[in-house]
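Here's the letter readout for the chains.
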Amino acid sequence: MDKDYNMVLTGIGGQGVVLASDILAMAALEEGPENRVRTSQIKGMSQRSASVIVHLRFGPTVDSPLVAKGSADALLSLELAEGLRYMDYLYEGSIAIINNDINIPPVSLQGQKVDVDPSLCYGCGNCLAYCQVNYYFKGNNDLLVLNNPASSVISGKCVVQESCTGCGQCFSACPRSAIELLEKTVYPELDQITNTLKRITNNVFVVSATDLAKELGNTKVVNILLLGILLGTKKVPLSIRTVESCITRLVPTNLLDINLKAFQVGIKKGQEISAKNS
Ligand code: SF4
Ligand code: SF4
């Protein structure tokens, strides 16, 4: 390949985001010995099943593992609102494949915003690094788009803003357990999510991957099914055969058959999407 490729994969802990990115990273290495491949994973607290984002870059001139905002050629999201959370990685030429599954992390499942106990907070700022708010609801359910974290350190103490979505990411980062739960938050509607993403790129495809995985008998294969969808659209410069070979090596043997089936179902779906939109 003659151009670097940037990708962001996201979802909730336990959905297999990291495995999906490992498969693509291995495939990128195999396809071009000249390819540099870099990945970076930011995981929420796994026992709380919080948000997970993986950056994947490959190509002839890649150095940094981090995808710059506004430069992801593809966004693959295993969970609906997680696709929205990371929308600022998109640009007008991106493709976004978003699973319509609603899988709210347990912390935000409680529908909480958070606040900080100032007697415990010592202003280290760790939580800010995890806080990524690209949208929030105000008043009459208006979805506002932002690019700022929902918290900041003021006079040595963390202060949470109105825009906190209760995602729970900051819980994992606080060494003092200073972050506490507050009032209810709202999960965005499907239309709000797609319309917001389509302000950036027309190539936004919300798919029922979890339903397709259910039909195969195991929702755990949704990550591989989504990989198939992405590959089927031909928007990733990797061959289906190489990716399939990497699935064969990275997926546990006892789950291989169903994962390969899921990959094929995904490819067919991706090809349909591609045919409809060409
Ligand atoms: S719970 Fe609120 S403050 Fe904490 S990371 Fe999420 S949006 Fe930011
Ligand atoms: S991580 Fe905890 S201690 Fe550090 S600034 Fe945030 S709330 Fe305060």
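The rules behind the values
- Residues numbered from 1 in each chain as written.
- Chains lettered and ligands numbered in written order.
- Predicted model: local features only at pLDDT ≥ 70, side-chain atom pairs only at ≥ 80, totals over all residues.
- Helix = DSSP H or I, 4+ residues; strand = E, 2+ residues; numbered from the N terminus.
- Buried ≥ 20, exposed ≤ 12 C-beta atoms within 10 Å, placed from the backbone.
- Contact = placed C-beta atoms within 7 Å.
- Near = placed C-beta within 6 Å.
- Nonpolar A, V, L, I, M, F, W, Y, C, P; charged D, E, K, R; others polar.
- Pairing = 2+ DSSP bridges.
- Right-handed = clockwise from strand over helix to strand, strands pointing away.

**Student:** I'd like a description of the overall build of the protein chain, backed by residues and values.
**Tutor:** Counting its regular elements, the protein chain contains 9 helices and 12 strands. By the burial criterion, 44% of the 278 residues in the protein chain qualify as buried. Long-range contacts, defined as pairs at least 24 residues apart, comprise 72% of the intrachain contacts of the protein chain with a sequence gap of at least 6.

**Student:** Give a description of the site of ligand 1 that names residues and reports values.
**Tutor:** With respect to spatial proximity, 14 residues lie near ligand 1, and among them Cys 131, Cys 164, Cys 167, Gln 169 and Cys 170 are the closest. Of the residues that constitute the shell around ligand 1, the class distribution is 9 nonpolar, 5 polar and no charged.

**Student:** If you had to explain the pairing of strand S5 (residues 95-99) to someone new, which residues and values would you point to?
**Tutor:** Of all the 5 residues making up S5, 5 are buried; the element is thus mostly covered by neighbouring parts of the structure. As paired strands, strand S4 (residues 74-77) and S5 are joined by 4 bridges and run parallel to one another. If you follow Leu 76 over to S5, its bridge partner there is Ile 97. Between the parallel elements S4 and S5, the chain passes through helix H2 (residues 80-85) in a crossover that is right-handed. Pairing geometry for S5 and strand S12 (residues 204-207), over 4 bridges, is parallel. Directly across from Ile 98, in S12, lies its bridge partner Val 206.

**Student:** Let's hear about the site of ligand 2: which residues, and what values?
**Tutor:** Neighbouring ligand 2 are 15 residues, the closest being Cys 121, Cys 124, Cys 127, Cys 158 and Cys 174. In terms of residue class, the shell around ligand 2 is built from 11 nonpolar, 3 polar and 1 charged.

So, to be careful, I would describe these as geometric facts and stop short of saying anything about function.
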